[in-house]
Amino acid sequence: MLGRLLLSRGYHSTKGVFGHRPRPTTRYEGLAAAVLDKRNANANVYRWVEAYRNHGHRMAAIDPVKFPLADETGSEPLPELQYARYGLGAGDRIDPRGLLNVPAAQQPLSMAELDALLARMYCGSCSIELAFIESEQEREWLAGRYEQLFQHELTVGERRELAELMLKSQAFDQFLAVKFPTVKRYGGEGAESMMAFYWELFRSAGEHELRNVVIGMPHRGKLNVLTTMFGTRPAKIFKKFKGHPEFPADAQAMCDIASHFHTSTDITVGGKTFHLNMLHNPSHLEAVNPVSMGKARAKQLALADGPYGASGPDQRSKVLNVQVHGDAAFPGQGINQECLMMAAVPHYEVEGTVHLIVNNQVGFTTPAERGRSTRYVSDLAKAIMAPVVHVNGDDPEALAGVTQLAIEYRQKFGKDFFIDLNCYRRWGHNELDDPTVTNPLLYRVIHGRPSIPDRYAGRLIEAGVFDQQDVDAISNSHRNYLTAELAGCEQYEPERSYFGGQWAGLQQPGDEVTVWNTGVDYRLLSHIGQESVRLPEGFNVHPHLQKTHIDARRKRIAEGQRIDWATAEALAIGSLMYQGFNVRLSGEDVGRGTFAQRHAMLVDQQTNEIFIPLNAMAAATPNAGRFELANSILSEEAVLGFEYGMAIDSPNSLVLWEAQFGDFFNGAQIIIDTFLVSGETKWMVCNGLVMLLPHGYDGAASEHSSCRVERFLQMTDSRETSPDGDAVNLQVINPSTPAQYFHALRRQQIRNFRKPLLVVAPKTLLRLSDCVSPHTDLAPGTHFQPVLPDPAPLDPKRVRRVVLCSGKHYYTLASERQARQVTDVALVRVESLCPFPVQAIRDELAKYANAREFVWSQEEHRNMGAWTFVQPRFENMCERRIQYRGRPEAATVAVGVSKWHVREAEDVIKTTLY
């Protein structure tokens, strides 16, 4: 049913477009006749088996630190699991073949034996949830494969490997506790069994011949896995703990804490090698998840794999996304719902993610029962019908088996899989925190039990796999290794982990503003413009678009004198594609455009099929890039995080995210703060992501008027007393012509560095007749101009007032100036706000030697817009006082009364010009 619903939505394409391949329809033949006969003949027994499959998890022994509550009377047996309920008696004997996936029994099982078998599988140290999955094919496969896990035991060598990894993790935490007792390390104590997850993850990645594994993980236990399994030298961690930077001295970086470290390394298991990326994470829990999805998607793009590859039932992606969650954060942070809602959406799916929830059973201090309103921390998974297996952290062997199942399921069905690892946190939120203050009963149990590694080692000693000397030797050997690493950490030289691979040839920019020739021969641009509206034969275009979009663009291109905003954008994108760059435009309604201006994808009015003309052009052009139009779910935070993940892995792709209205960016503020504007200085991770934020006061009230440019300007590291260079962390522009927008987009890819770009994007300018550019403004030798001079035929000697403004506001002022025949006021457009164009402004001011008044004019209120950014820089570096003209201070962006809006706008114009 879900499959039919998704297909009926169809994404307007049964054939597929770049970045989306429709999944082939696989015919499910149903259950074999012999199985159906067996189940029908033993209907009551099968009802009982199904009850275990559906309800057994409620009785499973998955809690390693269970303690009785004051009002708890004990665990009553579930009526659904009592065979008598199904008309079965103690004397019945059952052959389980066809009912369960178990080996053939030599003789039928008694009810007690079958009950014990079912309880072992579904009420033991792990249990699966299946009832909410609608697909019979998936349920049958999962139940059968899950039941097979209990027929397999790890070898002695494999059990020793697991024990060794967990003992090393424990030794690492104990070593840090002694050597760095005041450092918050966010250790893995109480969750060491996660080593079994990674151990099996690596083995399965090799078996399935995966090429890339991309992991998003929070701080809990991160240093343990980095140093124990991911090849990070402990010396790097120790040197950081001693107060040293993690990057070479020439890196322009402020650095970050050790628990946010990453790794990018090759892993070889069983003779098979794959590349592992564990991403940097901020302290904002779960924020890294969409970033990991975007990076995984970028890996698929680079490999022409998954959604970018051939379609077929055996063509599952060789790139795996893994997300590790915390038990309080996963149900508590809304970004997780957003990520799950993207899981099967075209252009955002990564063909399934494996999720591990490290379930400490307590938040910072919040008990589990107060951290959510559901039974399990994993219950969000049910929204997308992803299987869930709950595992007791005391059973690392079960966790290894479930991890194998998770990856098999992902490779077969291309869907998400969740593992709920029930463990505990031996100390508080960090090692300096005392958790007994708020959770005394829980921690009485925790502090009264052996550690997970010690308990597992004890089991192996009892089984004769280990003796105590083996256990001590592993721990002592690892401590000796850590001691040597600590002794030599001062000599450790930080590695240069950036500007390699696909980033080779790029660099951090210097402290000057460079100019890049981004113009293009108009013969090529004319071809691109015509191709951007060329339709295949028989395509049924909307008649209104034929006139207002297709015919109008053809005319503009032919004349070459009045190129509008949407056309300039198409020319920029198409010309970059000609140069081999891919372009990805993401956001709500971006194919059409919020304001019905773009129409980069067209929909056949008879078949509902979409067509992207620029990709048809690219298909006929050798070595051309492709254009991916990603119409997103109604999300800002997860979608922007996803695009950031794409951008940090694909410097040869222009990645753009467009907000439906600029006002809505604040839904993604966490991504902007912790990744976009700070990722380079914290982690030396560059990105060239472009944010398009429609902005402009046109009477639409508070939530449809402002992209809050003042907030972005505050987030820049622009200087107030000396000129900026290209090294600023964020570029902010408010372009006023289509040509300027054209050059800004092309400049993102042409330069030898990558910086994020905020475009204060237009709304009314999209169709303003004056907001057009001639083709000469796009010609070779032209470039983005940080300041645009006044085009009016003024006598510079008679100018008494120079008004600086930006974006759309210029046209309002210019129209009024012309209507009133004002000849002594010059209008200078500051197109680049950051870097602040000091020298270009000085050059313009020099033209007006007799001017005595200098004004910054803006639509926004005084405590908003660019005023507080411009004033100190202009006065400090242009050495003139500047006055303010605009709306007064306010608590919200815009008034909600149309007459007040008109009156305010008139006042701004009047006080600016007169």
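Everything below is about the structure shown above.
Note that the coordinates shown come from a computational prediction; the quantities given were computed from them, not determined experimentally. (Residues numbered from 1 in each chain as written. Predicted model: local features only at pLDDT ≥ 70, side-chain atom pairs only at ≥ 80, totals over all residues. Heavy atoms only, no water.)

## A few points about the overall build of the protein chain
Then comes step 1: A tally of regular secondary structure across the protein chain gives 29 helices and 24 strands.
Then comes step 2: Computed over C-alpha atoms, the radius of gyration of the protein chain comes to 31 Å, within 12% of the 29 Å expected from 2.2 N^0.38 for 914 residues, which places it in the range of a compact globule.
Then comes step 3: Dimensions of the protein chain, computed from C-alpha atoms along their principal axes, come out at roughly 105 × 70 × 55 Å.
Then comes step 4: Counting the 914 residues in the protein chain, one finds 59% classified as buried.
Then comes step 5: Partitioning the intrachain contacts of the protein chain with sequence separation of at least 6 by distance along the chain shows that 81% fall at a separation of at least 24.
Then comes step 6: Accessible area of the protein chain: about 36,400 Å², with a carbon and sulfur share of 50%.
Then comes step 7: Each charge sign in the protein chain was given a centre, from 97 positive and 106 negative side chains, and these centres are 4 Å apart. (Helix = DSSP H or I, 4+ residues; strand = E, 2+ residues; numbered from the N terminus. Rg over C-alpha atoms; globule rule 2.2 N^0.38 Å. Buried < 20%, exposed > 50% of the residue type's maximum accessible area, 1.4 Å probe, protein only. Contact = heavy atoms within 4.5 Å. Areas by Shrake-Rupley, 256 points an atom, 1.4 Å probe, with all protein chains shown as cover. Lys, Arg positive; Asp, Glu negative; His and termini not counted. Charge placed at Lys NZ, Arg CZ, Asp CG, Glu CD.)

## Things to note about the environment of Leu535
Then comes step 1: Summarising the element assignment, Leu535 is placed in the loop between helix 17 (522–531) and helix 18 (543–559).
Then comes step 2: Residue classification places Leu535 among the partly exposed residues on the basis of a relative accessible area of 23%.
Then comes step 3: Once the C-alpha coordinates of Leu535 and Phe261 are considered, the two residues, 274 residues apart in sequence, prove to be 49 Å apart.
Then comes step 4: Excluding its chain neighbours within four sequence positions, the residues that come into contact with Leu535 are Val541, Ile550, Leu602 and Phe611.

## Brief notes about the sheet that holds strand 17 (residues 731–733)
Then comes step 1: An order of 14-11-15-16-18-17-22 is seen for the 7 strands of this open sheet, with the pairing classed as mixed. The sheet is open, and its two edges are formed by strand 14 (627–631) and strand 22 (832–834), each paired on a single side. Within this sheet the neighbouring strands show an average axis-to-axis angle of 20 degrees, counted without direction.
Then comes step 2: With 3 bridges joining them, strand 17 and strand 18 (residues 757–761) adopt parallel strand pairing. For Ile733, the partnering residue across the bridge sits in strand 18 and is Val759.
Then comes step 3: Against the sheet, helix 19 (residues 565–578) contacts strand 11 (582–587), strand 14, strand 15 (653–658) and strand 16 (690–694), and its axis sits at roughly 140 degrees relative to strand 11.
Then comes step 4: Packed onto the sheet, helix 25 (residues 738–750) meets strand 15, strand 16, strand 17 and strand 18 and runs at close to 130 degrees relative to strand 15. (Pairing = 2+ DSSP bridges. Axes fitted to C-alpha atoms, helices over the stretch in contact; angles between N-to-C directions.)

## Some words on the packing of helix 12 (residues 335–342) against helix 21 (residues 637–649)
Then comes step 1: At a minimum axis separation of 8 Å, helix 12 and helix 21 run at an interaxial angle of 65 degrees. If you check the angle between helix 12 and helix 21, you find them roughly perpendicular. As for how helix 12 packs across helix 21, the hand of that crossing is right-handed. Residue-level contacts link Ile335, Glu338, Cys339 and Met342 of helix 12 to Glu637, Ala638, Val639 and Phe642 of helix 21.
Then comes step 2: A per-class count over the contact of helix 12 with helix 21 returns 6 nonpolar, no polar and 2 charged. (Parallel < 35°, antiparallel > 145°, perpendicular 65-115°, else oblique. Left-handed = near helix turned anticlockwise from the far one by under 90°. Nonpolar A, V, L, I, M, F, W, Y, C, P; charged D, E, K, R; others polar.)

## With respect to empty space enclosed by the protein
By rolling a water-sized probe across the atoms, one finds the places where empty space is left.
Then comes step 1: For the structure on display, the rule yields 9 cavities of 30 Å³ or more.
Then comes step 2: As for the largest cavity, its lining consists of 20 residues, of which His695, Asn734, Ser806, Gly807 and Glu860 are closest to the centre.
Then comes step 3: Broken down by secondary-structure element, the contributors of at least two residues to the lining of the largest cavity are strand 18 and strand 23 (853–861).
Then comes step 4: Looking at the lining of the largest cavity, the element that brings in the most residues is strand 23, giving 5 residues. (1 Å grid on protein atoms, 1.4 Å probe; cavity = no way out; pocket = protein on both sides within 12 Å on 5 of 7 lines; lining within 4 Å. Points joined across faces, edges and corners; volume = space filled by probe spheres on them.)

## Re unusual backbone geometry
Then comes step 1: In this chain, Cys834 is followed by Pro835 through a cis amide linkage whose omega measures 5 degrees.
Then comes step 2: Mapped onto the secondary structure, Pro835 falls in the loop between strand 22 and helix 27 (838–845).
Then comes step 3: Positive phi, normally seen in glycine, also occurs at Tyr186, with a value near 50 degrees.
Then comes step 4: Overall, the relative accessible area of 15% leaves Tyr186 in the buried class.
Then comes step 5: At Ala701, a position not held by glycine, the phi torsion is positive, near 70 degrees.
Then comes step 6: Relative to the helices and strands, Ala701 is located in the loop between strand 16 and helix 24 (709–715).

## Some remarks on the pairing of strand 15
Then comes step 1: Burial runs high along strand 15: 6 of the 6 residues are buried.
Then comes step 2: Burial of the side chains of strand 15 extends over both faces: Ser653, Val655 and Trp657 are buried on one face and Leu654, Leu656 and Glu658 on the other.
Then comes step 3: Pairing of strand 11 with strand 15 involves 6 bridges; the strand directions are parallel. The residue bridging Ser586 from the neighbouring strand is Trp657, located in strand 15.
Then comes step 4: Pairing between strand 15 and strand 16: 3 bridges, direction parallel. Each residue of the ladder has a partner; that of Leu656, found in strand 16, is Val690.

## Focus on the sheet that holds strand 20 (residues 801–805)
Paired through their backbone hydrogen bonds, the strands of a sheet run either parallel or antiparallel.
Then comes step 1: Read across the sheet, 5 strands follow the order 19-21-20-23-24 without closing on themselves; strand pairing throughout is mixed. With partners counted over all chains shown, the strands left at the sheet margins are strand 19 (787–788) and strand 24 (883–887), one partner each.
Then comes step 2: Pairing geometry for strand 19 and strand 21 (residues 825–830), over 2 bridges, is antiparallel. Directly across from Leu788, in strand 21, lies its bridge partner Arg829.
Then comes step 3: The strands touched by helix 29 (residues 898–913) within the sheet are strand 20, strand 21, strand 23 and strand 24, with strand 24 carrying the most contacts at an inclination of about 160 degrees.

## Re the pattern of salt bridges
Then comes step 1: Taken as a whole and judged by the stated rule, the model has 53 salt bridges.
Then comes step 2: Across the pair Arg97 and Asp95 runs a salt bridge, and its minimum N-O distance is 2.7 Å.
Then comes step 3: Put simply, Glu158 and Arg203 hold a salt bridge, and the shortest N to O gap is 2.7 Å. A residue pair is termed long-range when its members are at least 10 positions apart, and Glu158 in helix 6 (residues 156–179) and Arg203 in helix 7 (residues 194–207) qualify at 45 residues.
Then comes step 4: The exposure class of Glu158 is buried, given its relative accessible area of 15%.
Then comes step 5: The class for Arg203 is partly exposed, based on a relative accessible area of 22%.
Then comes step 6: By sharing partners, the salt bridges in this structure join Asp173, Arg185, Glu189 and Glu431 into a single network. (Salt bridge = Lys/Arg side-chain N within 4 Å of Asp/Glu carboxyl O.)

## Let's talk about the packing of aromatic side chains
Then comes step 1: Inspection of every chain in the model, using the stated rule, returns 31 aromatic pairs.
Then comes step 2: Where Phe661 meets Phe664, the ring centres are 5.9 Å apart and the plane angle is 65 degrees; that geometry is what we call edge-to-face.
Then comes step 3: Owing to a relative accessible area of 22%, Phe664 belongs among the partly exposed residues under this scheme.
Then comes step 4: Seen in terms of ring centroids, Phe854 and Phe874 are 6.2 Å apart; in terms of plane orientation they differ by 45 degrees. Their pairing is tilted. Of this pair, Phe854 sits in strand 23 while Phe874 is found in helix 28 (residues 867–877), placing the two residues 20 residues apart along the sequence. (Phe/Tyr/Trp six-rings, centres within 6.5 Å; stacked < 30°, edge-to-face > 60°.)

## A look at the environment of Leu149
Then comes step 1: Structurally, the position occupied by Leu149 is in the loop between helix 5 (136–148) and helix 6.
Then comes step 2: Separated by 654 residues in sequence, Leu149 and Val803 place their C-alpha atoms 75 Å apart.
Then comes step 3: Those residues within four positions of Leu149 in sequence are excluded, and the remaining contacts are Gly401, Val402 and Leu405.

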